[in-house]
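# A closer look at the structure
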Amino acid sequence: MLVQSDFFTDTDGEPVAVDNADGTSRVLLVCEHASRRLPQRYGDLGLSQEALASHIAWDPGALGLAQQMSQGLDATLIHQRFSRLIYDCNRPPESPAAMRDVSEIFRVPGNENLSDAERAQRTAALYRPFHQRIGQAIDSRRERGLETVLVTIHSFTPVYFGTERKVEIGILHDRDARLADAMLQLAARGSDYRVERNEPYGPADGVTHTLDVHAIEAGLLNVMIEVRNDLIQNEAGQRVVAGFLTGLLRDSLDGIQR
Ligand SMILES: [Zn+2]
């Protein structure tokens, strides 16, 4: 079994990044699909540059949006530094979606017929440290008497399997809908965006894994936010959407009884 130091080169660096580690907000931001970088050992996985730049490799704009929100809220942000093509950190190791050999319309040659050993290596190198870091952050806050509100930030492609998506911002939840309900209620009073519940994905698609692992059992308020990626293609767009979402989150949290 490879140890982690053999998996990543010096150029690759660490799998997990933490921004604003001492942020004072009770919101903890997480971005599982922040990066399209591949560890050097995988080359290009047999994919075209077009595929490697597309939403199958990452959530375009999501990291920039999450960083703007981190600044706006003074919130800690934990993000994955490698592509979900190697390991999708919003999926458990047993899920077929954790290491896909087909993603939307793209075949991923480098992910075909993975051995159990290869799956275990990727899980150990990418998934475990990422979720350990989130767990540590929540534990350390609890020890300091600070509660945590877990908010995961994602983006989705405007056209999926040839179908155009009208929804602009999705507010997603699993069994605990407290924060999502509050956000949707406020957004329904008037917003510049088309905001919908559990769109374009929902818990049945397996997208609430991070919320499930870290927040739902522990009773922490939580929500997953999906933004259509054409709205956050550049820093200006990210700033506008971040302004809307930080306001919505703040006002929604203020309205929830603690
Ligand atoms: Zn995502």
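For the structure, see preceding data.
The sections below set out a description of the structure shown in this document. (Residues numbered from 1 in each chain as written. Predicted model: local features only at pLDDT ≥ 70, side-chain atom pairs only at ≥ 80, totals over all residues. Heavy atoms only, no water.)

### Things to note about the pattern of salt bridges
Going through the model one piece at a time under the given rule, you end up with 16 salt bridges. In this structure, the salt-bridge partner of Arg26 is Glu147, at a minimum N-O distance of 3.3 Å. Of this pair, Arg26 sits in the loop between strand S1 (16–19) and strand S2 (27–31) while Glu147 sits in the loop between helix H4 (116–143) and strand S6 (149–156), and the two are 121 residues apart along the sequence. By relative accessible area, Arg26 is classed as buried at 17%. Since its relative accessible area comes to 34%, Glu147 is described here as partly exposed. Taking the shortest distance from any N to any O, the salt bridge between Arg142 and Asp139 comes out at 3.1 Å. Taken as a pair, Arg142 and Asp139 lie in helix H4 at a separation of 3 residues, close to a single helical turn. (Salt bridge = Lys/Arg side-chain N within 4 Å of Asp/Glu carboxyl O. Helix = DSSP H or I, 4+ residues; strand = E, 2+ residues; numbered from the N terminus. Buried < 20%, exposed > 50% of the residue type's maximum accessible area, 1.4 Å probe, protein only.)

### Structural notes on the coordination of the zinc ion
The coordination sphere of the zinc ion, as far as protein atoms go, consists of His33 (ND1), Asp59 (OD) and His154 (ND1), spread over 2.0 to 2.1 Å. If you list the donors of the zinc ion from N- to C-terminus, the spacing comes out as H-x25-D-x94-H. Within this pair, whereas Asp59 is found in the loop between helix H2 (49–53) and helix H3 (62–73), its partner His154 is found in strand S6, the two being separated by 95 residues in sequence. Per residue, the accessibility class of Asp59 equals that of His154, and both read buried. (Donors = N, O, S within 2.8 Å, 3.2 Å for Na, K, Ca; no water.)

### Looking at the sheet that holds strand S9 (residues 169–172)
Taking strand neighbours across the sheet as the criterion, the 7 strands line up as S1-S3-S2-S6-S11-S9-S10 in an open arrangement whose pairing is mixed. The two strands at the open ends of the sheet, each matched to only one other strand, are S1 and strand S10 (195–197). Between one strand axis and the next, the sheet turns through 20° on average, direction left out of account. Bridge analysis of S2 against strand S3 (residues 76–80) gives 4 bridges, and the strand direction is parallel. Its bridge partner being in S3, Cys31 is matched across the sheet by His79. (Pairing = 2+ DSSP bridges. Axes fitted to C-alpha atoms, helices over the stretch in contact; angles between N-to-C directions.)

### A look at the packing of H4 against helix H6 (residues 209–216)
One can describe the packing of H4 onto H6 by two numbers: an axis separation of 10 Å at closest approach and a directional angle of 35°. The two elements H4 and H6 cross, and the hand of that crossing is right-handed. Across from Tyr127, His131, Ile134, Gly135 and Ile138 in H4, the residues of H6 making contact are His209, Thr210 and His214. For the contact of H4 with H6, the class distribution of residues is 3 nonpolar, 5 polar and no charged. (Left-handed = near helix turned anticlockwise from the far one by under 90°. Contact = heavy atoms within 4.5 Å. Nonpolar A, V, L, I, M, F, W, Y, C, P; charged D, E, K, R; others polar.)

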